[in-house]
Structure formats: structure tokens, C-alpha cells
2 protein chains.
Amino acid sequence: MATDTATPPAEGGAASGSVRPQLDVPAIDVPALKTLLDGKYVEIRDLVRTNLAEYASILDEAETMTRDDFRERVKDVLVEMAATGQTGMGFPQEYGGGGDIGASVAAFETLAYGDLSVLVKTGVQFGLFGGAILQLGSEHHHEAYLPDLITGKVMGCFAMTETGHGSNVQALGTVATYDPQAQEFVLTTHGEQARKDYIGNAARHAELAVVFAQLEVAGTRHGVHAFVVRIREGGRPCAGVGVEDDGAKMGLNGVDNGRLWFDGVRVPRTALLNRFADVTPEGTYESSIENPNRRFFTMLGTLVQGRVCVGGAGINAAKVALAVAVKYALKRRQFEATSEDEEELLLDYGMHQRRLFPLLARTYALHFAQEVVAGQLHDVFSGTGPEDEDQARRRLESRAAGTKALGTWHATRTIQECREACGGAGYLSVNRFAALKADTDVFTTFEGDNHVLLQLVAKGLLTDYASDFEDLDQFGMVRFVAGMAVETVIERTNVHKLLERLKDVLPGGDQWDQEAGLLDPDYQLAMLRFREEHMLAGVARRLKRGIDQGLNPGAVFSRVQDHVIGAARAHVERLVLEAFVDKVRALPEGDQRAALSLLCDLHALTTIEADRAWFMEHGRLTVVRSKAISREIGSLCRRIRPLAGDLVDAFAVPPEMLRSPDLVG
Amino acid sequence: MATDTATPPAEGGAASGSVRPQLDVPAIDVPALKTLLDGKYVEIRDLVRTNLAEYASILDEAETMTRDDFRERVKDVLVEMAATGQTGMGFPQEYGGGGDIGASVAAFETLAYGDLSVLVKTGVQFGLFGGAILQLGSEHHHEAYLPDLITGKVMGCFAMTETGHGSNVQALGTVATYDPQAQEFVLTTHGEQARKDYIGNAARHAELAVVFAQLEVAGTRHGVHAFVVRIREGGRPCAGVGVEDDGAKMGLNGVDNGRLWFDGVRVPRTALLNRFADVTPEGTYESSIENPNRRFFTMLGTLVQGRVCVGGAGINAAKVALAVAVKYALKRRQFEATSEDEEELLLDYGMHQRRLFPLLARTYALHFAQEVVAGQLHDVFSGTGPEDEDQARRRLESRAAGTKALGTWHATRTIQECREACGGAGYLSVNRFAALKADTDVFTTFEGDNHVLLQLVAKGLLTDYASDFEDLDQFGMVRFVAGMAVETVIERTNVHKLLERLKDVLPGGDQWDQEAGLLDPDYQLAMLRFREEHMLAGVARRLKRGIDQGLNPGAVFSRVQDHVIGAARAHVERLVLEAFVDKVRALPEGDQRAALSLLCDLHALTTIEADRAWFMEHGRLTVVRSKAISREIGSLCRRIRPLAGDLVDAFAVPPEMLRSPDLVG
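If you look chain A up in an unreviewed UniProt entry, it shows as acyl-CoA oxidase from Nocardioides panaciterrulae. Listed under Cofactor (unreviewed entry) in UniProt, the entry text for chain A is "FAD".

Structural data, given as C-alpha cells:
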């Protein structure tokens, strides 16, 4: 039965009174919905699913093995999976890769259905280490390293973060000094704070490391550059290389994180990954990018795939949690409620629906938003994107940062709620949440702390991705925005103009925010767009005001920081909803569209509801309408209730990955 | 410098412009503040602190030992701590206890600074098992069991929850049938769903179990009763007793949780814990409480101490997380912000303050709220309380349920935020969050699922703790409220009358909600009181409307469930703020009061801010004032900034319990 629910009356079936209203319930074709979710990359995703099922025992082994044994096991699984081609999709075919960046992201995301140590070690080896060689190195590096790293024959690590410096990479303390005599770089760790720390693969398996260090040539510092350094030979650290195990972690204990330090370690001049800068044998520094800040951010920018991958992994980990919790709620009964003879299914409780369904809807929304950013990544890095590559790259970096932040926070929140929704059973390791929760916890931190990432997003928005925005540190950003850019920002985010545009699009004219249907996607998008523009202009004004008052830019920034982050979040929320709406609109009329429309409405309205105070404060939501939104959400939850099982089945998480025999069996 | 900050102008020092305003900063006397926090029970709390430091190695052992070895280790520590008198404070002195219930709660709470397997095993042995013997048994049970359980010579477990039934205890499937011939009860587990499950101490150490089962005498069921059953002899399960290990859990792996089932296990007639009901040798059922529902709830009610203890443990676990995160933020620098030469301390970032300080303030608020409920527990169970013991017990049960729910959710949220605020370092087990997060996760579930507990709170409020409220299942509650009680509830929660009362108390008359100072505690309390009463009346009306429409009470309840839980939460939030305000008001003028006033204001305003949409929707908050609250919160954060280190030091978490050598050192 085709039911277009995109524009039903605002009250939907809410007032009819029964728990399960007698509205048309769209019938979900689970395989078709799976196909839609898998998108272009059905084939690689199914290969990963098959591999996950093949190695399902690793979920048990994570609990039963010693840390040492488990690390070896994870390494073995990684190498065996590499042999199926699954992990090398992103590398050029001439070196044994698959030559398809989009497919490599899809493979990685899908791997998040399984043990996450395997996922993260895969990310370290192929994404970070392999990605750095590929993106920052030249052909001779590719020839030397790619074939063996793609098969996992050579293992490597990505030594960027230091004990004292994580987010502020430009302030790293490791130094690489050029010795023209020997034509070598000398790597030295100055003090404990400059040790490389939390480095995956470093404690045990990596033979090579891509080390980020301050390049010093003839007494001049040129900023952070990357070097390939052999750190281990025959299983033992090389001379001058210190290695320490980071020890037990909250999760991901199949990954051997460790500390590295260098005591005058010498590497040949060609060890510098020299795509963007090089040192001549005589000791002359050369770079195609003159500005050191821009050079640095260009180098980092090539590594954006890591963020795209982690965001996708977080979203897929959330799917596993939701699959378990929804299936359990369709089986578990508690308290006699509608009948005196039989206890009620958990999922028939209004509160349980309220806890799980908005998270389910948001998972779909983020899935489609992730599809967009992964597609942009593919286009930019395959050279199939739009003309203005610089602009496209910056937008990609911003979008990757924002999607990673929202996707990983969503994972943390969803896994927690789903665990609680499964009660004490959710606490047993066999029921999956223990590993999901412990392993994903650090996703909000690695590949960029989420708050720092949202600041990056805000910086891009405030400077309109100005060509020189990469130059700007925090200081510079504040001064820039407060100075030259503020007018532009305020002009660009002119809320009055926006409102003019909106009233042409939406019913109700000037009253669009009171007249348009709550379930009209244009209304929902207009609300998020309004919030974004208003917040952004507000940040610009606040920064300017602080600077005009003669305050220290750092102090101004500190005070406005929560608004900065709020504006970035509002921007990304709008992108996420847009991706979902676009996806639904592109579908033919029919049950699949009807079902996804319900989810999209639920996501949009819960997003507005969560910040309804802001909308009221800024005159875009009346009290009456705000309450109507909350009622509508209750109604949508009841309408989604009969679809919930199918909606999680469409994620096609291999049953072996759910474990939880007593919860979902 | 004495500064009464309870009534400064609303804008405080917010507009002055520097990050650290030059307002008077109260000087905190850390030992004095510790004394205030420790309250009546300084001595026992310090004993526990000493014991924790003595056994500090257990925090490492939790990571390095096998699960089996760690379980033994935890048991040994428990027995050794028991020898110091720390764990037996709540038992009568004639059996070797301390005879002080309040002290026993204080000891338990403080134990939450350390390894939480030790805490939970202590709770199982002395609180649940020992508590059931003490509260549900008669003198002969006390004589037989208390002396040896207090020393830990005899270990026991509390076998209530079943695989198929957690929150709905009345529906348990285990049956105890009386055999008058043998004068024995025969315990039988009917089916897998009736297995006792997740039972702490059951998998390995318990020799005895208090088993909850449906009592059947001569073919008649009398509801759930408790029996002392020997389950293990010489380390092996007794005949007819099935035991299975629950296996690995997310955390608390030093506690041996397991499943138990009974195949015609016979216990003597005297094994029935018969304080409230007994079976004569001939097989006549007798009880001083005629109504079976009331009997059941009376029995359960005697076990309320467990909830009080878990709530306190959650709050104290949050203190450990905050101590680490605040100390780290006072040491770690990141990005050049106010100076080009030195990076900025994390705690000088506005966003970092916004993330941590409201949680710190709420921890103080919950600490004092917990002190109130623990005091009520002490009074009720020591017979030193008010005259109307029944009423006092019901209020205690409600308050214990509510504080447990808010305290444990607060722990989950705070530990997560603090972990993220410590970045990648927070992910290493040595830095404490791994265990804190994994071990506390189940606090929101055990001793009553938080949502179910809030429903219990709501039930009490809606029926005004009517003497027959214990009779009411969910069905009954809905019918009762919708029927007889609705008028009373609506009358009692008459918002207009409340407003009349308020306008006499607060400046501004009818305009109190626009005129009273944001930092006036009476204003803050009035807001929370208004919300509570309004929500409660709303629930009553909604229930009535549903019933009047002829809907199934269960369906009505399902639909109103989020309002029910919201009302309960609003009630408990008001109690928490009240406890904090009362504590501050009782202090003499001076720096301590000034400092706590800042925290209390921050807690009150962030509580209002979090639900400001509701206040706007219900006409109690203008847009202008709502924005002023958010600004004031920023200002309060900046004023608290210089106090933050002292505020966490006053928790007096033994340094050994913080571990985190690189974070807090």
C-alpha cells in the first residue's frame, strides 16, 4: 500500500486513541531497504559481512584470550581479511589495491558491525599508515611500501599524537634535523611530553612508523612533516627507538597502542614523505606551498579519509546496538498493562518507543549523511569531483569533521540508551553492549576530538572557507572574524533575507513558521537553516563585540566558545537532515518512501524539539506549536512501532555479530 | 573575605569582560569543606578512606588478574575490611554489628571511591543478603546467621531477579510449596525464564541464598516470600541446586554473578523469613498483613537501604571522575589562546567550564540530597523518626527511588563527560575512567531500573501516598488516579494557589517570575515547585481523559508514560535543589557559604536552563529572562573557575584511588 506520509495533517493518527492506530502501515520490503542502505557498494559490504561471519569467533575471543594472545589474533584476522581484498580497496590497483575510495570507506564502515579492535587495527594499518604513505609520499615511497602494506606483510603505525599534544598538532615536540653531511634526518624526542603516545600498532606489530616531527634544516624550523622510520626489526625495537606499551585500555585491547621515542634516530633523506615539501641533498628546503600553515593543513587535509571512516564506523556500531535493543523489546514482556493475563511487550510502552525510535531515526539520518560525505570524499580523491577542487576539499574537510563528531557522539549515546533498555541482560558481555560501549568510547576523541572538530567546522563557516582560512590559528580566527570577515558573515547569514526566501517557498507567507505543516520537510529544513544562520551571525557579532571592547582574542574566544560549537553543530544538523530529506524525495512513491518519511519526520521533529527552547527564544516557535511538535512525535513513534523490527533488520547486521542469544533469539 | 553571593545582581560579574573577573573570590578551606561534606559520619568515612588506601593495589589487580583470581581477591578484601568493622555498621551490636544505619550508608558510599567490585560484593553480602535476614527474618534467623555473615565467614546471596522477571517481582516464577507431612518447603524452578539470574555471589562464593518464591500452601498461592536456602556445601552446589556462571560482564568482574535453579529443593519450615508471614506446622498461612499486595510491598520496603546505598555510590563515583578531570584540566594546556607563547589551560576554556562545572555543582547538590535521604533512612529504621511511621516509610521509599535514579544517571553522564574531557589519556585503564565507566554502568539498572523507579515515585505522588497505594498495580494506579484521586491531585497541585503563595514570598508580586533575582533561591525553588505541581496535575488530567474516553488503562498509561516519568523527575529535582539550598542557608556567613552559594546557583540555573523550553511553554519564563539565565550560567562558571581545584579536593578521594599518575600528578 503506497502511502505518502510526507504531508499528512499535523496530528496524524495521534488522536485516535489506541496504542496502535489503525492507519495504513507501510509494508517494508527488508531486502529492498537493505539494498537502498547499502547503496553503490552492496558488493563490498556483503563481502565484509561474509568475512565477519567467517571470523565471528573473535567476539568471544576478545573476552577469553589474554591481551597478548588477542592482539596476535586480531593481527592474524586482519591479514587474512586483507587477502580477500576487503581492506585494500582504497589503494591504486597497480600496487595491489582496489582503486575505489568509496568502496574502501564502505568496507570499513561495515567492518564496524564486528569486533572493533579488528576495525581500528585495520584503520591504523591501511587508513592511517597506508594513507599517509599514499597521500604524503611520492612514487618511490609507493613502490617501496604499498604492495607489502596492502597485504599486511609489513605492518606500520601512524606516529602523530604525543603525550603532551593531541589536537594541537602544530605544537608537536619531536624534531627531525637535517644532517647534510650524511644526507640524513636525525629524529629526537625532547622530553616526556614529546613522546609519541597512544599509537596503534606501535607496542608490538609495527615495523615502520610514519613519524610527524618538526623539520629543522640549517637551524630553521619549517613546521611539521612526516617521515618513514623503521622502528622494529625482527620483532625488536631498532637502536635509538624507545617503545613502551600503553597497557590496558577501556576497550580495543586487541590493538597494541604504545609510546615511541627517538634518541637521535637517523633516517635517509628520502624517508621524508615529500609530496608537498622536500629537502635537497645540500640542505635546501623546498615546497610547492609557500605558506607554512597552509602547507601543514594541506598535508593534514589529505588524511581526511580517517575522519570519514570513523564517523561511519560510529554510525554502524549504533546500528548493532539498536538491532539488539529493538529485537529484545519485541520479545521481552514486563508488567501486565493492557491485559491482565499477559505482560506487555517492552516496545509497546510509550516511554520505550520514545527512548529508542528517535535514535533509530537519527541513525538512518546519519547513515544517509555519511553516504553524502563518503561520496564527496570519493569524488575529491578520485578527481571526479567538481572543478574547484580547493573549495571542494575544504567543504569535504568541514563536512567530514562535523559528521564524525555527530556520528560518534550518536554512537556513545545510542549504545548507552540501548544497554539500559535491555536492563541487566544488557550488562552481560555475551549480549554485546560491553564491547560496543568500551570499544567505541574513544571514537569521540580519536581522529580529532569532537569539540575541536566542531570548532574547525565553525572556523570554515565563519570565514566562508576563505582561501586563507587554513592560515588561521585560534588567535587569527578570532581577529579575522572580528575584523574583516564579520560584515561578510553577517551579510551572508542575513536572517531577514533568509526569511524572505522562505516565505516564498512555504505556505503561510510571513507566518510560514506557524502555518506550514509540521510534517512538511521544507518547514523542517527551514527551521534548521534559520537556526544555523542566526547562530552563525550571532557568533560573528559576539566575537566582534569582544574585540571592539579591546579584550584579548583568546579571552573573547573562550567566552564565545559554546556559541561557536553550537553554531557548528546547527550547521551539521542541517546537513544531516538535508541528506535524509533528499534521499526520501528521490524515492518513488510507495511503501518504502512512506516508511522512510515517517522516520525522516521523526528525526526532524525530535531535532527541533531538542532545541525548541532556542526556537522559542528566537521567535520561530510558538508555545502552541512547540507542544504540537511533542505530540506529533508521540504519534510518529506509535506509527513506527509496527515497522521497528524491519527497520533494524534492514541494517543486515550478520546475526553472528549480534550474539545475545537470549535477547534476540 | 566573607561574600554572600546569594543575592548579587543577576548579571554578576559577567559583563566585566575578562576571563577571570576581578570579583571577590571566596577562599575555600578545604579541610573545613571536607568536614561539611562528611557530615555526621567523618569517622567511618575516614576509616573507609584508610582501608581503601591500604588495599589500593586492587585497582591494578582488577586489570591484571584473571577473572577467577580477581573474584577471590575481592572476596578476601571484603573479609579483611569486614574485620575493621567497616561493613557491619548497620547490624545490631548484639550480633557484632555497629548498630548505626546512617554510618553503614556512609561507609558504603565512601567505598565507591575505590574498586566497585568490592563495593558491589559488599552490598550483596551485607546489604542484600544480610539485610534480608535482618529485615525479613525473626530472632532465630538473626541468631543463626548474622554473626557469621557480618564477619564474612558465611557468604550469601540475594536470589530475587529471574531471567524472565526483573522489575516485576510479583510475577516471579519460582515456587515454594509447603509439605505439611515433612514440615518442609519444596522449591522448584519452572522453566528457564524462572531461573534466578544475575545473582551476585551465586556463581562461586555464596553458601546460602535468600530465595524469593511464590509461596503455595495447600494449593493456594500467597504471593512472593523469602526463604533461606543452602545452595553450596564445601564449595559444591547442594543436591537439586543448579548453578551457572553468568560469565564475563561489562564491569564488576570481581563479583561472581550467576544463575540458580531449584529442582525440588527441600528446606525446613523455619527457613521461611517469617517476620511478616508464617506457615504453621500444620500448614496454615498466617500474616499480620491481610492484603497480599500490601504485604508484598511492606516486605520489599524493608529493603530500601539498598537503593539509598546505590544512589550514594553513584554520586561518589562521579566525584572520582570529576576529581581526575578537573585536576587534569588544571595541568593540561592546549592551543595558544590568550598568549602566543604558552598554550592555554583546558580549564580556562569557556566550553570546558561549561562541560564540567554544572556537573560539579550537581554532584554537590546530589551529595546533600543523598545526606537527607540517608538521614531519613536512619531515622525510620532506628525508630527515631516522626510519629507517623507508615507515612514516613512511604516518603522514604519514594525519595530513595528518586535519588537513586538521578544519582546513578548522573554518574553515567558525569563519568562519560569527564572521560571525554581527558581525551585519549582518559581511555587508558590506568587513568581510572575505564573501570569507573564499566563498573557503574549497571547502577542505573540494579536495585530497580531507573525508569521503573521514577514510575514508583510518580505513583506515590499521584495517590498522595494514599494508605492503599501499595495495593495498586499499574492497572489499578491508572484507574485510581483517573477515578477517585484525580480531583484530589488536581486540587492539591492547584497551580493558581501555588502562584498565590509564591507572590507573597517573592518580590514582584504577580510578576515574581519576571522580577525576582535569578540568584534568589526562593525564585529558583519556586520555578521547580511550579513545574512539579503543574506536571503532576497534567498527568492526572491526561489519565482521566484517557479513561473517560473508554480506553484501556494500559494504553492510557503507555501514552502518558513520558509525562509520568517527567513529573517524577521534576519532583526529585525539586527535592535535590531544596536539600542544597537548605544546606547553604544553614551555614554561617563566610567564604564557605559564598563558595557553596555559587555552586548552588549554578546547579539551580542549569536545572532550569535544561528545561527552559518547558518553562517558556508554561508561561513562567520570558525569552529575555531565559537568555539572561544562560548568560548568568557563563558568569557563574567563570567565578567558580578559581575554586574548582579546591572543590574537588574537598571530596577527599584518597590519591591512590585517583591513580592517573600523568593526569593529576
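The discussion continues.
Caption draft 1: Inspection of the pattern of salt bridges at higher detail. By the definition in use, this model includes 95 salt bridges over all chains. Among the salt bridges present, the one from K503(B) reaches E500(B), with a minimum N-O distance of 3.5 Å. Note that K503(B) and E500(B) are positioned in helix α15 (residues 495-505) at a spacing of 3 residues, about one turn of the helix. Three or more residues are tied together by salt bridges with common partners; here these are K34(A), D38(A), R45(A), D46(A), R49(A) and E109(A).

Caption draft 2: Focus on the domain arrangement of chain A. Residue and element names in this part refer to chain A. Along its sequence, chain A is organised into domain 1 (32-155), domain 2 (158-297) and domain 3 (305-649). Using C-alpha coordinates to define each centre, domain 1 is positioned 24 Å away from domain 2. Between domain 1 and domain 2, the residue contacts involve 27 residues of the former and 29 residues of the latter. Counting the surface lost from both domain 1 and domain 2, the interface buries some 2500 Å², and carbon and sulfur atoms represent 59% of this. Contact with domain 2 buries area across many residues of domain 1, yet R71, L136 and M155 alone supply 27% of it, more than any other trio. Between D256 and K121 there is a salt bridge; the shortest N-O distance is 2.6 Å. Summed over the shared surface of domain 1 and domain 2, the number is 16 residue pairs in polar contact (both at pLDDT 80 or more). Elements represented by at least two residues in the side of domain 1 that touches domain 2 include exactly α4 (67-83), α6 (116-136) and α7 (139-151).

Caption draft 3: Broad picture of the confidence of the model for chain A. When pLDDT is averaged along chain A, the result is 92; 93% of the residues meet or exceed 70. Contacts from residues 1-22 of chain A, a stretch scored under 50 in pLDDT, to residues over four places away or in other chains number 49 contacts.

Caption draft 4: Layout of the packing of aromatic side chains. On inspection of all chains with the given rule, the structure shows 22 aromatic pairs over all chains. Grouped by ring-pair contacts, the aromatic residues Y364(A), F368(A), F580(A) and F651(A) constitute a single cluster. The residue whose ring lies beneath R393(B) is F381(B), and the NZ or CZ to ring-centre distance is 4.8 Å. Positioned above the aromatic ring of F530(B) is the side chain of R620(B), whose terminal nitrogen or guanidinium carbon lies 4.9 Å from the ring centre.

Caption draft 5: Spatial organisation of the relation of the copies chain A and chain B. Mapping chain A onto chain B calls for a rotation angle of 180° and an axial translation of 0.0 Å; the resulting RMSD is 0.0 Å. Classification of the inter-copy transformation places it as that of a two-fold axis. Residue A613(A), judged by its C-alpha, is the member of chain A lying nearest the rotation axis, at 2.1 Å. When you check the interface residues of chain A against chain B, 100% turn up at the interface there too, and the contact is symmetric in its surfaces.

Caption draft 6: Region of interest: the packing of helix α11 (residues 389-421) of chain B against helix α18 (residues 553-585) of chain B. All names here are of chain B. At a minimum axis separation of 10 Å, α11 and α18 run at an interaxial angle of 85°. Relative to α18, α11 is oriented roughly perpendicular. Residues R399, G402, T403, L406 and W409 of α11 pack against R569, V572, E573, L575, V576 and A579 of α18. Split into classes, the residues belonging to the contact of α11 with α18 amount to 6 nonpolar, 2 polar and 3 charged.

Conventions and cut-offs
Residues numbered from 1 in each chain as written. Chains lettered and ligands numbered in written order. Predicted model: local features only at pLDDT ≥ 70, side-chain atom pairs only at ≥ 80, totals over all residues. Heavy atoms only, no water. UniProt positions renumbered as here; feature names shortened; annotations may be inferred. Salt bridge = Lys/Arg side-chain N within 4 Å of Asp/Glu carboxyl O. Helix = DSSP H or I, 4+ residues; strand = E, 2+ residues; numbered from the N terminus. Domains from an automatic or database assignment. Contact = heavy atoms within 4.5 Å. Buried area = accessible area lost by both parts, 1.4 Å probe. Polar contact = N/O pair within 3.5 Å; in protein donor to acceptor, adjacent residues only side chain to side chain. pLDDT = per-residue confidence, 0-100. Phe/Tyr/Trp six-rings, centres within 6.5 Å; stacked < 30°, edge-to-face > 60°. Lys NZ or Arg CZ within 6 Å of the ring centre and 35° of its normal. Least-squares fit on C-alpha atoms with pLDDT ≥ 70 in both. Axes fitted to C-alpha atoms, helices over the stretch in contact; angles between N-to-C directions. Parallel < 35°, antiparallel > 145°, perpendicular 65-115°, else oblique. Nonpolar A, V, L, I, M, F, W, Y, C, P; charged D, E, K, R; others polar.

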